[in-house]
Amino acid sequence: MVQSSVLGFPRIGANRELKKTTEAYWQGKVGVEQLLKVGKDIRANNWKLQQQAGVDVIASNDFSYYDQVLDLSMLFNVIPERYAKYNLAPIDTFFAMGRGLQRKATETEAAVDVTALEMVKWFDSNYHYVRPTFSHSTQFKLNGQKPVDEYLEAKALGVQTRPVLLGPISYLTLGKADKDSLDLEPLSLLQKLIPLYAEILKKLAEAGATSVQLDEPVLVLDLDEKVQAAFKTAYESLASQSGLPAITLASYFGTVVPNLSAIKGLPVAGFHFDFVRNPEQLDDVISILNDNQTLSAGVVDGRNIWKNDFAKSSAIVQKAIKKLGKDRVIVATSSTLLHTPVDLENEKKLNPEIKDWFSFATQKVKEVVIIAKNVSGEDVSAELKANAKSISTRASSNITNNPAVQKRVAAIDEKMSKRSSPFQERLAEQQKAFNLPLFPTTTIGSFPQTKDIRVNRNKFVKGTITPEEYEKFINAEIETVIRFQEEIGLDVLVHGEPERNDMVQYFGEQIDGYTFTTNGWVQSYGSRYVRPPIIVGDLSRPKPMSVKESVYAQSITTKPCKGMLTGPVTCLRWSFPRDDVDQKTQSLQLALALRDEVNDLDAAGIKIIQVDEPALREGLPLRAGEARTAYLQWAAESFRIATSGVPNGTQIHSHFCYSDLDPNHIKALDADVVSIEYSKKDDPNYIAEFLNYPNHIGLGLFDIHSPRVPSTEEFNTKISKILESYPAEKFWVNPDCGLKTRGWEETKLSLTHMVESAKHFREKY
Ligand code: GLN
Ligand code: ZN
């Protein structure tokens, strides 16, 4: 029998139980016992669900109250002194590292004030991990035994599991040196870390675990020789210890072929690779296996929501079986299922035709089992037949295919992605039209999304207020925002985006080819979950999406008012994309839809239009090379298609955040003005990278994630510092990002100070 394996299951609970309890715990509304109990129940549910589905290899230690990488830092006592010094309960130290902690002194406890560790995007996903942060004073030792406890918990329920831990090379290379130890090379800590891995693995073996899964996802990145060599050191050292469980070394989200020599000959029991992303690596990875090693074939997608194509997956597995035999091949999910929603059965409102095309984590578990049965020779003909029918219905459905859109994409020509004149000529016309002062001030689009706004939006969605009443409410909100901006003297106004629930969902709901879930939550970080829209078919815009609000805002002010849109790449990246057409095609379809919107805004008199692309950086392919070059080309082309239909005098803005942006990646967008997250950059070299950027830039001057209000002097100091190298003529003044998560009080003060500061510099220049 060919075995089936699931690399990890979502830990948020089918109804977001973990979020609710964790946040209640943070607010002091429930005790730690309640939090631990909810965690335990979720784990039990997940294991039983997989056991009942017939999965052979079920993961444990895939659960976390915040982040699995942070779990490991706790386990190895990688706790910077600024957290350790408070002697909090372990779970509170853990949360303090994950999200920071600010607490006033009480009679029994001292005050605590510590910011969170750095949070970083997990490879090319929208999950974020807490970065291991090492210092010369880090005292490596085992701190508790979470993997063992959870293994035993499953065992007590009658479920034999394979504990999963992030492997030593990935753990170190995804980490960084702390501020006090900048000369420390994380990989140099390997010798200290290996004994701890050995110790915890030994404990797992003693508890009864026969095998473990060590994840080494860094194998899909470009690795230098030192990192490559470290694999041998680490895994040979573990193999030399007696009494450890068998190790399966797992990688996912890409191809390992460029790093094959690093893992060839490693003394592990088996490997797991991702054949959803890179089926073509099959022959190469098989070639490095020795006669006893097993191959776990990831054929069920852990990153998307589409029903598996059993015929296609079975063919990949069969090919492996032909070379290795049934005993040495395991059918698996491509990665943990953490990045998929929990259960499709909770979706009560989906169009049944579309619902039949989807598979969430609970369904994927069953898929793995069916494929394993199929390749073992068991009779699953009924399942195969139903599956083939779903796949072919989807392929030929007119929800999937819109010939008019396909024709339009095929007809894209170069002219469409080029403004009619170069930047300097456009700038001259725009200057004439807007007559903006030096250091023009603006914001990124959204203003505080108050409770009142959410309540009214809900009423409108539920139909308890009429569309006319809702429009009146929105217009009043817009007017408040416009008057405030006029009052404090901002130069380029925005309407505040009160009508938008989310920057992608709002447009997705108005674009044909998108669908939405009611409960399709996926963990983004800690207790923050997102519900990505799903691209099901060819995308088009039946009618204007944002013109009404923008035109209303412009009609009540004489200052220029910026129109706001979410760009094609960001719409794509923050959705579950189609798997039947490439990302470029989907991006171009979105670009055409947005082009219509940009042109409509322009025709309606909106002469400054911002198209946000905060997800541009995260879409960058993980390795340098052809795919990355191609991505940068089509991403930029998509943006230009969306924005190049307007005359020279219309000013195109764009905005980027959530990432270390490389100015070279945005040059090709040819936006007239870009705004960039900058306030938290303490790297003095970062600004130098932007010196050669030809168009205008607003470096974000304050952090919108925090209620903290910077003073006018603080803005002055910051601007002076930037002006030491950055030219005044290209200098826009704006915050880091939209203000939707902020309150009005701090928003008013921060923006007032920002504008005062801009005026101060205008007098000097
Ligand atoms: N225009 C959006 C806003 O201001 C941009 C949000 C973002 O970049 N994440 O909220
Ligand atoms: Zn932003």
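About the criteria used
- Residues numbered from 1 in each chain as written.
- Chains lettered and ligands numbered in written order.
- Predicted model: local features only at pLDDT ≥ 70, side-chain atom pairs only at ≥ 80, totals over all residues.
- Heavy atoms only, no water.
- Helix = DSSP H or I, 4+ residues; strand = E, 2+ residues; numbered from the N terminus.
- Rg over C-alpha atoms; globule rule 2.2 N^0.38 Å.
- Buried < 20%, exposed > 50% of the residue type's maximum accessible area, 1.4 Å probe, protein only.
- Contact = heavy atoms within 4.5 Å.
- Axes fitted to C-alpha atoms, helices over the stretch in contact; angles between N-to-C directions.
- Parallel < 35°, antiparallel > 145°, perpendicular 65-115°, else oblique.
- Left-handed = near helix turned anticlockwise from the far one by under 90°.
- Nonpolar A, V, L, I, M, F, W, Y, C, P; charged D, E, K, R; others polar.
- Donors = N, O, S within 2.8 Å, 3.2 Å for Na, K, Ca; no water.
- Tetrahedral: all angles 85-135°; square planar, octahedral: opposite > 155°, others 65-115°.
- Pairing = 2+ DSSP bridges.
- Near = heavy atom within 4 Å.
- Polar contact = N/O pair within 3.5 Å; in protein donor to acceptor, adjacent residues only side chain to side chain.
- Areas by Shrake-Rupley, 256 points an atom, 1.4 Å probe, with all protein chains shown as cover.
- Phe/Tyr/Trp six-rings, centres within 6.5 Å; stacked < 30°, edge-to-face > 60°.
- Salt bridge = Lys/Arg side-chain N within 4 Å of Asp/Glu carboxyl O.
- Expected span 1.5 Å × (residues − 1).
- Arc of directions from axis to C-beta.
- Core = buried A, V, L, I, M, F, W, Y, C linked by side-chain atoms within 4.5 Å.

**Focus on the overall build of the chain**
Part 1 of the argument: A count of helical and extended segments in the chain gives 27 helices and 24 strands.
Part 2 of the argument: In terms of C-alpha radius of gyration, the chain reaches 27 Å, essentially the compact-globule figure of 27 Å for 765 residues.
Part 3 of the argument: Dimensions of the chain, computed from the C-alpha atoms along their principal axes, are close to 75 × 65 × 55 Å.
Part 4 of the argument: Expressed as a percentage of the 765 residues in the chain, the buried residues total 60%.
Part 5 of the argument: Taking contacts inside the chain between residues at least 6 apart in sequence as the whole, the part at least 24 apart equals 77%.

**Side note on the packing of helix α18 (residues 451-462) against helix α19 (residues 467-488)**
Part 1 of the argument: The interhelical angle for the contact between α18 and α19, taken along N-to-C directions, is 160°, at an axis separation of 10 Å. The pairing of α18 with α19 is recorded here as roughly antiparallel in orientation. Crossing geometry of α18 relative to α19 is assigned as left-handed. In contact with Asp452, Ile453, Asn456, Arg457 and Phe460 of α18, α19 contributes Pro467, Tyr470, Phe473 and Glu477.
Part 2 of the argument: Counted by class, the contact of α18 with α19 contains 5 nonpolar, 1 polar and 3 charged residues.

**Looking at the packing of helix α3 (residues 68-75) against helix α5 (residues 90-99)**
Part 1 of the argument: Relative orientation of the contacting elements α3 and α5 amounts to 130°, with a least axis distance of 10 Å. Considered as vectors, α3 and α5 are oriented oblique to each other. Both α3 and α5 take part in a crossing whose hand is right-handed. Residues Leu70, Asp71, Ser73 and Met74 of α3 form the contact with α5, whose participating residues are Pro90, Thr93, Phe94, Met97 and Gly98.
Part 2 of the argument: Broken down by class, the residue content of the contact of α3 with α5 amounts to 5 nonpolar, 3 polar and 1 charged.

**Notes on the coordination of the zinc ion (ligand 2)**
Part 1 of the argument: On the protein side, the zinc ion (ligand 2) has His655 (NE2), Cys657 (SG) and Cys737 (SG) as donor atoms, found 2.1 to 2.3 Å from it.
Part 2 of the argument: Relative to the metal, the 4 donor atoms surrounding the zinc ion (ligand 2) lie at angles of 96 to 120°, and the coordination shape comes out tetrahedral.

**Brief notes about the pairing of strand β16 (residues 522-525)**
Part 1 of the argument: Relative to strand β17 (residues 528-530), β16 runs antiparallel, the two sharing 3 bridges. Within the sheet, the bridge partner assigned to Tyr525 lies in β17 and is Arg528.
Part 2 of the argument: A loop of 2 residues connects β16 with β17, the two strands running antiparallel in sequence, and Gly526 in this loop sits at a positive phi of about 45°.

**Topic: the site of ligand 1**
Part 1 of the argument: Contacts to ligand 1 come from 13 residues, most closely from Ser446, Glu497, Asp612, His655 and Gly738.
Part 2 of the argument: Measuring from a nitrogen atom of ligand 1, one finds a side-chain N or O atom of Glu497 at 2.9 Å.
Part 3 of the argument: Burial of ligand 1 by the protein chains amounts to 98% of its free accessible area of 290 Å².

**Looking at the sheet that holds strand β21 (residues 651-656)**
Part 1 of the argument: An order of β19-β20-β21-β22-β23-β24 is seen for the 6 strands of this open sheet, with the pairing classed as parallel. Unpaired on one side and paired on the other, β19 (562-566) and β24 (731-734) mark the two borders of the sheet. Between one strand and the next, the sheet's axes are offset by a mean angle of 25°, whatever the strand orientation.
Part 2 of the argument: Across 5 bridges, β19 lies against strand β20 (residues 608-612) in parallel orientation. Residue pairing for β20: Thr566 is matched across the bridge by Asp612.

**Considering the environment of Lys20**
Part 1 of the argument: With respect to the helices and strands, Lys20 occurs in helix α1 (residues 17-26).
Part 2 of the argument: Residue classification places Lys20 among the partly exposed residues on the basis of a relative accessible area of 49%.
Part 3 of the argument: For the pair Lys20 and Ser527, spaced 507 residues apart in the sequence, the C-alpha separation amounts to 8.2 Å.

**Quick word on the packing of aromatic side chains**
Part 1 of the argument: The full count for this structure, using the stated rule, is 32 aromatic pairs.
Part 2 of the argument: Geometrically, the ring pair formed by Phe76 and Tyr171 is edge-to-face, given 5.9 Å between the ring centres and 75° between the ring planes. With Phe76 in the loop between α3 and α4 (81-84) and Tyr171 in helix α7 (residues 168-173), this residue pair connects regions lying 95 residues apart in the sequence.
Part 3 of the argument: The class of Tyr171 is buried, set by a relative accessible area of 0%.
Part 4 of the argument: Each residue in the set Tyr25, Trp26, Tyr66, Phe94 and Phe95 is aromatic and connected to the rest through ring pairs, giving one cluster.

**Describing the pattern of salt bridges**
Part 1 of the argument: Applying the stated rule across the entire model yields 38 salt bridges.
Part 2 of the argument: For Arg394, the salt bridge goes to Asp579, with nearest N and O atoms at 2.8 Å. You can see Arg394 sitting in helix α15 (residues 381-396) and its partner Asp579 sitting in the loop between α22 (568-573) and α23 (583-603), a full 185 residues away along the chain.
Part 3 of the argument: Glu479 is paired through a salt bridge with Arg483; the nearest N and O atoms lie 3.3 Å apart. Here Glu479 and its partner Arg483 are both found in helix α19, 4 residues apart, which amounts to about one turn of the helix.
Part 4 of the argument: On the basis of relative accessible area, Glu479 is assigned to the partly exposed category, the value being 31%.
Part 5 of the argument: Residues joined in a network through salt bridges with shared partners are Arg43, Asp71, Lys146, Glu150 and Glu153.

**Remarks on helix α12 (residues 310-324)**
Part 1 of the argument: Compared with the 21 Å implied by 1.5 Å per residue over 15 residues, the 20 Å span of α12 between its first and last C-alpha is a close match.
Part 2 of the argument: Residues of α12 that are buried: Phe310, Ser313, Ser314, Ile316, Val317, Ala320, Ile321 and Leu324. When α12 is viewed along its axis, its buried side chains cluster within an angular range of 160° and face the same direction. Opposite the packed face of α12, turned more than 90 degrees from it, sit the exposed residues Ala311, Lys312 and Lys322.

**Things to note about the nonpolar core**
Part 1 of the argument: Judged by nonpolar contacts, the single largest core of 90 residues is most densely connected at Phe76, Tyr171, Phe231 and Tyr235.
Part 2 of the argument: Ranked by residue count, the leading element in this core is helix α8 (residues 190-207), at 10 residues.
Part 3 of the argument: Filtering out sequence-adjacent residues up to four positions away, Phe231 remains in contact with Ile169, Glu216, Val218, Leu219, Leu223, Glu236, Ala262, Ile263 and Leu266.
Part 4 of the argument: Core analysis: the next-biggest nonpolar cluster, separate from the first, contains 85 residues, Tyr506, Leu601, Phe639 and Ile704 among them.

**Notes on α19**
Part 1 of the argument: For α19, spanning 22 residues, the distance from its first C-alpha to its last is 32 Å, which sits close to the expected 32 Å at 1.5 Å a residue.
Part 2 of the argument: Structurally, α19 contributes buried residues whose contacts are with α18, α21 (547-555) and α27 (744-764).
Part 3 of the argument: Downstream of α19 by a residue or two, Gly489 has a phi angle that is positive, lying close to 90°.

**Description of the side chain of Asp491**
Part 1 of the argument: Tracing the chain through its elements places Asp491 in the loop between α19 and α20 (505-508).
Part 2 of the argument: A distance of 2.9 Å separates the side chain of Asp491 from the side chain of Arg762, its partner in a polar contact.
Part 3 of the argument: Residues contacting Asp491, with those up to four places away along its chain left out, are Leu436, Pro437, Phe439, Pro440, Thr441, Lys559, Pro560 and Arg762.

**A word on the sheet that holds strand β10 (residues 211-215)**
Part 1 of the argument: Around the barrel, 8 strands lie side by side as β1-β2-β8-β10-β11-β12-β13-β14; this closed barrel has parallel pairing. Neighbouring strand axes in the sheet, compared pairwise and without regard to direction, differ in orientation by 30° on average.
Part 2 of the argument: Bridge analysis of strand β1 (residues 3-6) against strand β14 (residues 329-333) gives 3 bridges, and the strand direction is parallel. Bridging from a neighbouring strand, Ser5 pairs with Ala332 of β14.
Part 3 of the argument: Sheet contacts for α8: β8 (161-166), β10 and β11 (246-250); angle to β8, the most-contacted strand, approximately 170°.

These figures come from the coordinates and say nothing about function on their own.
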